[in-house]
Amino acid sequence: MLTQHTPTLTMGLFALVQALIMLGITPLLTGISRQLRARMHSRQGPGIWQDYRDIAKLLKRQEVAPAQSGAMFRIMPYVLLGSMLLVAMTLPIFTLMSPFGGAGDLITLLYLFALFRFFFSLSGLDTGSTFAGIGASRELVIGILVEPTLILALLVVALIAGSTNIGTISATLAQGWSSPTATLLAFIACAFVCFIEMGKLPFDLAEAEQELQEGPLTEYSGSGFALVKWGLGLKQVVVAQLFLAVFIPFGKAAEFTPPALMWAVIATCIKLLVVFVLAGLIENSLARGRFLLTHRVTWLGFGVAALAFVFYLTGL
C-alpha cells in the first residue's frame, strides 16, 4: 500500500501513470456505451473502437476559431483535460490510499469539477454564438442543481471517516460501514449525481448537438474539438471512479507490488465496465425529459442526501 514512507517521486510517477491509464481507456468505455445504446435501439452501431479513430482523425485536422473568440475559447480544451487528469491522479483508484495525497482532498476535488464546468460554460459564451450560449447557461444550471447534492453526500462519508481526504475515506469504508443507514443513503445520492454528471438521459444526451454537453462545442473543430471530446469522456470515467473509490473500495492493491497492482488494474477495469453498462442500460430505458422539469428530479436526490446527513446526526 502507498504510505507516507513511500518516496514522493514514486508516488508522483504512479499517480501520473494512473491518470494516463484512465485517459487511455476513456475512448473504449465511451465506445462501449455507444455500442450498447445502438444495440438497445436495434442498430448495428459504430463499434467500440470508433472513438479512438474519431479522436485520431480530429487531432490531424486544422483547428478553426471564430473571429470574435478570445483566449478562453482556446485554452478551454487544455483546462478540461488537465483538470480531469489531476483529479484522476488524486483518486485512490488502484490502492486504498491516494497516490497524490496532497491534492486528494474532497474540497479540492469539488473545486476542480467546478473549474471544469466554469471554463466549459465560459468558452461557450466566449464564441458569441447564441446557440453555444444557451448550452453554456443550461450547463451552469445543471451544476447548480446537482453540486449541492454531491457535496452533502460526500460530506456525510467524510464525517463518518473523520477526514476529508479521499484516501482516508476509501480506507475507512473498506473496513466496513460504521453508520450503515447514513452511508447507504449517501451512496444512493452520490450514484444519482454521478449518473447526471456522466451526461446520461433523461438529463442530457452527450451525442446530440442540441443538448447541454454539446451546445458550447458548436464552434470547435480539429484538435481542439478532439481534446474537448476526450475531456468530456474522461470526466465520465473520473466521476464513475470517484463513486467507486468512495463507496466500493474493494479489489485494490493491499501492497505496492507489481502482482498486486496488476490485479487491482483488472478489478478497476471490471468495476468501471459494470458502472458504464449499468448506466447505459438505465439511460436507454428512459425517455428524454423536459429541461424545465429537471429541478423536480434533482431535488429528490438532494432530499436523499439531506436524509443521509440527518441519519448520521442520529447515529444510524
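Residues numbered from 1 in each chain as written. Predicted model: local features only at pLDDT ≥ 70, side-chain atom pairs only at ≥ 80, totals over all residues. Heavy atoms only, no water.

J.: I'd love a proper account of the confidence of the model for the chain, names of residues and values included.
T.: Of all residues in the chain, 90% attain a pLDDT of 70 or more, and the chain-wide mean is 82. Note that pLDDT drops below 50 for residues 1-5; the model gives that stretch 13 contacts with residues more than four away or on any other chain. (pLDDT = per-residue confidence, 0-100. Contact = heavy atoms within 4.5 Å.)

J.: So what about a nonpolar patch on the surface? Which residues, and what values?
T.: Side chains of Met-40, Met-262, Trp-263, Ile-266, Ile-270, Val-274, Leu-278 and Leu-281 sit close together on the surface and give an oily, nonpolar patch of about 760 Å² of accessible area. Of all the elements, helix H9 (residues 258-283) adds the most residues to the nonpolar patch, at seven residues. Along the chain, the position of Leu-278 falls in helix H9. In this structure Leu-278 comes out as partly exposed when scored by relative accessible area, which is 48%. (Patch = residues over 30% accessible without salt bridge, like charges linked within 9 Å, V, L, I, M, F, W, Y side chains within 5 Å. Areas by Shrake-Rupley, 256 points an atom, 1.4 Å probe, with all protein chains shown as cover. Salt bridge = Lys/Arg side-chain N within 4 Å of Asp/Glu carboxyl O. Helix = DSSP H or I, 4+ residues; strand = E, 2+ residues; numbered from the N terminus. Buried < 20%, exposed > 50% of the residue type's maximum accessible area, 1.4 Å probe, protein only.)

J.: Please provide a residue-by-residue account of the packing of helix H3 (residues 71-90) against helix H8 (residues 222-247), values included.
T.: Running from N to C, H3 and H8 point in directions that differ by 25 degrees, and their axes come no closer than 8 Å. Considered as vectors, H3 and H8 are oriented roughly parallel to each other. The interaxial crossing formed by H3 with H8 has left-handed handedness. In this structure, H3 uses Met-76, Pro-77, Tyr-78, Leu-80, Leu-81, Met-84, Leu-85, Val-87 and Ala-88 to contact H8, whose residues at the interface are Gly-224, Leu-227, Val-228, Trp-230, Gly-231, Leu-234, Lys-235 and Val-238. The residue makeup of the contact of H3 with H8, split by class, is 14 nonpolar, two polar and one charged. (Axes fitted to C-alpha atoms, helices over the stretch in contact; angles between N-to-C directions. Parallel < 35°, antiparallel > 145°, perpendicular 65-115°, else oblique. Left-handed = near helix turned anticlockwise from the far one by under 90°. Nonpolar A, V, L, I, M, F, W, Y, C, P; charged D, E, K, R; others polar.)

J.: Which residues make up the pattern of salt bridges, and what values go with them?
T.: Applying the stated criterion across every chain, the model contains five salt bridges. Here Glu-147 and Arg-117 are joined by a salt bridge, their closest N and O atoms 2.9 Å apart. You can see Glu-147 sitting in helix H5 (residues 130-161) and its partner Arg-117 sitting in helix H4 (residues 106-126), a full 30 residues away along the chain. One salt bridge connects Glu-197 with Lys-235, and the closest N-O pair in it is separated by 3.0 Å. Residue Glu-197 is located in helix H7 (residues 180-197), and its partner Lys-235 is located in helix H8; the two are separated by 38 residues in the primary sequence. Judged by its relative accessible area of 8%, Glu-197 falls in the buried class. By relative accessible area, which is 4% here, Lys-235 ends up buried. Here the salt bridges share partners, and the residues they tie into one network are Arg-117, Glu-147, Glu-197 and Lys-235.

J.: Account for the environment of Ala-67, with residues named and values stated.
T.: Relative to the elements of secondary structure, Ala-67 occurs in the loop between helix H2 (50-59) and H3. For Ala-67, a relative accessible area of 80% corresponds to the exposed category. Sequence separation between Ala-67 and Gly-124 is 57 residues; the distance between their C-alpha atoms is 14 Å.

J.: Lay out helix H10 (residues 294-313) in plain terms, naming residues and giving numbers.
T.: The end-to-end C-alpha distance of H10, which contains 20 residues, comes to 29 Å, matching closely the 28 Å that a straight helix rising 1.5 Å per residue would cover. Within H10, burial applies to Thr-294, Thr-298, Gly-301, Ala-305 and Ala-308. An end-on view of H10 places all buried positions within 65 degrees of arc, on one side of the element. Projecting away from the buried face of H10 at angles above 90 degrees are the exposed residues Arg-296, Trp-299, Leu-300 and Leu-313. Where H10 is buried, its residues touch H5 and H7. Gly-315 sits one or two positions beyond H10 and adopts a positive phi of about 85 degrees. (Expected span 1.5 Å × (residues − 1). Arc of directions from axis to C-beta.)

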